[in-house]
Amino acid sequence: MIKNKKEIRLLDVRASTDEEMTIEGYAVVFDSPATHYWTESVNKDAFSDCDMEDVCMKYNHEDNFLLLARTRNKSLTLEVDEKGLKIKAKLIDTTSNRDIYKSIQAGLLDKMSFAFTVAEDEWDYENNTRTIKKIDKLFDVSVVDVPFYDSTEIFARSQEEYL
């Protein structure tokens, strides 16, 4: 018997792919008024000339929280459709992302928000109503505890649902 010979044991084991942490939702729903101190809605053409080149996905718009996803590395995609601004994000496997994902799965977090600058809006001061007609730049979309627009939504999808 030869001693000190390197031994290797291999089995053809395929790791089961863990469920990807994919979330989808609407950060903006067009023509769906939100009323707080005033009533506000976003026009369906608001994103037509919007700068969405480098948009981050955050939690509660917090700069001191790790980013959830980003358009720059393609972990976040944005699509304007008839309903609004649809987002899809594939979260990387971090502790904070797992916590957010599990909170979305459990329905604890189910709303979104967005940070932006306005290029054009219209106020009806008589009815205290604002319509956002053009958004200049979109800075972030955020999963939030308390939304301004209740019509927004975010949900987690299992891999089987989106294949």
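A short tour of the structure in this document, coming up.

Criteria and thresholds
Residues numbered from 1 in each chain as written. Predicted model: local features only at pLDDT ≥ 70, side-chain atom pairs only at ≥ 80, totals over all residues. Heavy atoms only, no water. Phe/Tyr/Trp six-rings, centres within 6.5 Å; stacked < 30°, edge-to-face > 60°. Helix = DSSP H or I, 4+ residues; strand = E, 2+ residues; numbered from the N terminus. Buried < 20%, exposed > 50% of the residue type's maximum accessible area, 1.4 Å probe, protein only. Pairing = 2+ DSSP bridges. Axes fitted to C-alpha atoms, helices over the stretch in contact; angles between N-to-C directions.

### Here's the deal with the packing of aromatic side chains
For any pair of aromatic rings, the description rests on two quantities: the centre-to-centre distance and the angle between the ring planes. According to the stated counting rule, one finds eight aromatic pairs in the structure shown. Between Trp 38 and Phe 148, the aromatic rings sit 5.7 Å apart at their centres with planes inclined by 40°, giving tilted as the arrangement. You can see Trp 38 sitting in the loop between strand S2 (34-35) and strand S3 (39-42) and its partner Phe 148 sitting in the loop between strand S9 (129-144) and strand S10 (153-157), a full 110 residues away along the chain. Take Trp 38: its relative accessible area is 26%, and that puts it in the partly exposed class. Pairing Phe 148 with Tyr 149 gives two aromatic rings, centres 5.3 Å apart and planes at 75°, and the pair type is edge-to-face. Among the aromatic residues, those joined into a cluster by ring pairs are Trp 38, Phe 114, Phe 116, Trp 123, Tyr 125, Phe 148 and Tyr 149.

### Here's the deal with the environment of Arg 157
With respect to the helices and strands, the residue Arg 157 is situated in strand S10. Since its relative accessible area comes to 18%, Arg 157 is described here as buried. Between the alpha carbons of Arg 157 and Glu 20 there is a distance of 8.7 Å; along the sequence they are 137 residues apart.

### Quick word on the sheet that holds S10
A sheet is described by the order of its strands in space; here four strands give the open sequence S6-S7-S1-S10, paired in antiparallel fashion. Only two strands of the sheet have a single neighbouring strand rather than two, namely strand S6 (76-80) and S10. Across the sheet, the mean angle separating the axes of adjacent strands is 15° when strand polarity is ignored. Bridge count for S6 against strand S7 (residues 84-91) is five bridges, and the pairing is antiparallel. The residue of S7 that forms the bridge with Leu 78 is Ile 87.

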